[in-house]
Amino acid sequence: MKKGESYENLKKYIHVNILIFIHFSSNKDCYWTISFCDVKTVKRYSDLLEIKIMELKKIPKDLTDSSDIINDMRFLGDKPRKEFKNMAKTDEYIDSAYKELERLSADEQDKIEYEAHEKAICDYNSQMGSAL
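Residues numbered from 1 in each chain as written. Predicted model: local features only at pLDDT ≥ 70, side-chain atom pairs only at ≥ 80, totals over all residues. Heavy atoms only, no water.

Draft legend 1. Summary view of the overall build of the protein. Each helix and strand counted, the protein has four helices and three strands in total. Reading the protein from its N end, one meets helices and strands in the order β-β-β-α-α-α-α. Taken over 132 residues, the protein has a buried fraction of 17%. Look at the contacts in the protein between residues 6 or more apart in sequence, and 44% of them connect residues 24 or more apart. (Helix = DSSP H or I, 4+ residues; strand = E, 2+ residues; numbered from the N terminus. Buried < 20%, exposed > 50% of the residue type's maximum accessible area, 1.4 Å probe, protein only. Contact = heavy atoms within 4.5 Å.)

Draft legend 2. How the structure looks around the confidence of the model for the protein. On average, residues of the protein score 80 in pLDDT, and 88% of them reach the 70 mark or higher. Of all helices and strands in the protein, the one with the weakest mean pLDDT is helix 1 (residues 68–76) (70), whereas strand 3 (residues 49–55) scores best (90). (pLDDT = per-residue confidence, 0-100.)

Draft legend 3. Geometry of the packing of aromatic side chains. Scanning all chains against the criterion turns up one aromatic pair. Centre to centre, the rings of Phe24 and Trp32 are 4.2 Å apart; their planes meet at 35°, and the pair counts as tilted. (Phe/Tyr/Trp six-rings, centres within 6.5 Å; stacked < 30°, edge-to-face > 60°.)

Draft legend 4. Highlighting the sheet that holds strand 2 (residues 31–35). In space, the three strands of this open sheet follow the order 1-3-2, with mixed pairing throughout. For this open sheet the edge positions go to strand 1 (13–19) and strand 2, each flanked by a neighbour on one side alone. Shown here is a sheet whose adjacent strand axes are inclined to one another by a mean of 20°, direction ignored. Sheet topology note: the strand 2/strand 3 ladder contains five bridges and is antiparallel. Counterpart to Ile34 in the pairing with strand 3 is Ile51. (Pairing = 2+ DSSP bridges. Axes fitted to C-alpha atoms, helices over the stretch in contact; angles between N-to-C directions.)

Draft legend 5. View of the pattern of salt bridges. Within this structure, the stated rule accounts for six salt bridges. For the salt bridge of Lys52 with Glu50, the shortest nitrogen-to-oxygen distance reads 3.1 Å. The class of Lys52 is buried, set by a relative accessible area of 16%. Residues Lys99 and Asp95 are paired through a salt bridge, measuring 3.2 Å at the closest nitrogen-oxygen approach. (Salt bridge = Lys/Arg side-chain N within 4 Å of Asp/Glu carboxyl O.)

Draft legend 6. Representation of unusual backbone geometry. Of note in the backbone geometry, Val42 takes a positive phi value of approximately 60° without being a glycine. On the secondary structure map, Val42 appears in the loop between strand 2 and strand 3. A residue is classified by how much of its surface remains accessible, and Val42, at 58% relative accessible area, is exposed.

Draft legend 7. A negative patch on the surface, seen in detail. On the surface, Asp107, Glu108, Asp110, Glu113, Glu115 and Glu118 cluster together into a patch of negative charge. Here Glu118 falls in the partly exposed class, since its relative accessible area comes to 33%. (Patch = residues over 30% accessible without salt bridge, like charges linked within 9 Å, V, L, I, M, F, W, Y side chains within 5 Å. Areas by Shrake-Rupley, 256 points an atom, 1.4 Å probe, with all protein chains shown as cover. Lys, Arg positive; Asp, Glu negative; His and termini not counted. Charge placed at Lys NZ, Arg CZ, Asp CG, Glu CD.)

Draft legend 8. Fine view of a nonpolar patch on the surface. Residues Tyr13, Phe36, Tyr45 and Leu49 make up a contiguous nonpolar surface patch of roughly 480 Å² in combined accessible area. Mapping Tyr13 onto the fold places it in strand 1.

Written out as structure tokens, the structure reads:
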């Protein structure tokens with residue numbers, strides 16, 4: 001927010017924690033949404049701030065739930081490359097994440113070529129926009 005702006009302009013902030021260890025050992029849940037509330041009344045302070053926690057080691061192997069969050073957690077878990085590729089075929093968002101993962105894990109020459117290609121696209125779009 002800028003000085004003098006109204007609080008109505010605040011946007012929701014979500015902090016996502018992806019854990020490869022177990023933090024909440026006393027509970028078997030693998031996904032948590034935490035918000036701030038008063039300890040006595042349990043009244044929520046605001047809906048504009050949340051913390052999401054994914055404990056990847058707790059995803060049950062036999063879970064048949066195919067919710068988006070569980071699929072995302074399965075994708076983020078430690079899997080062979082072939083499983084990542086298969087998961088990418090089932091969901092457009094996972095496919096996008098898979099492509100980014102491929103880009104990040106490419107060898108140095110591939111990265112240079114990819115970044116040059118991306119820059120060329122940006123330059124072209126910028127030139128076309130300014131030409132108009």
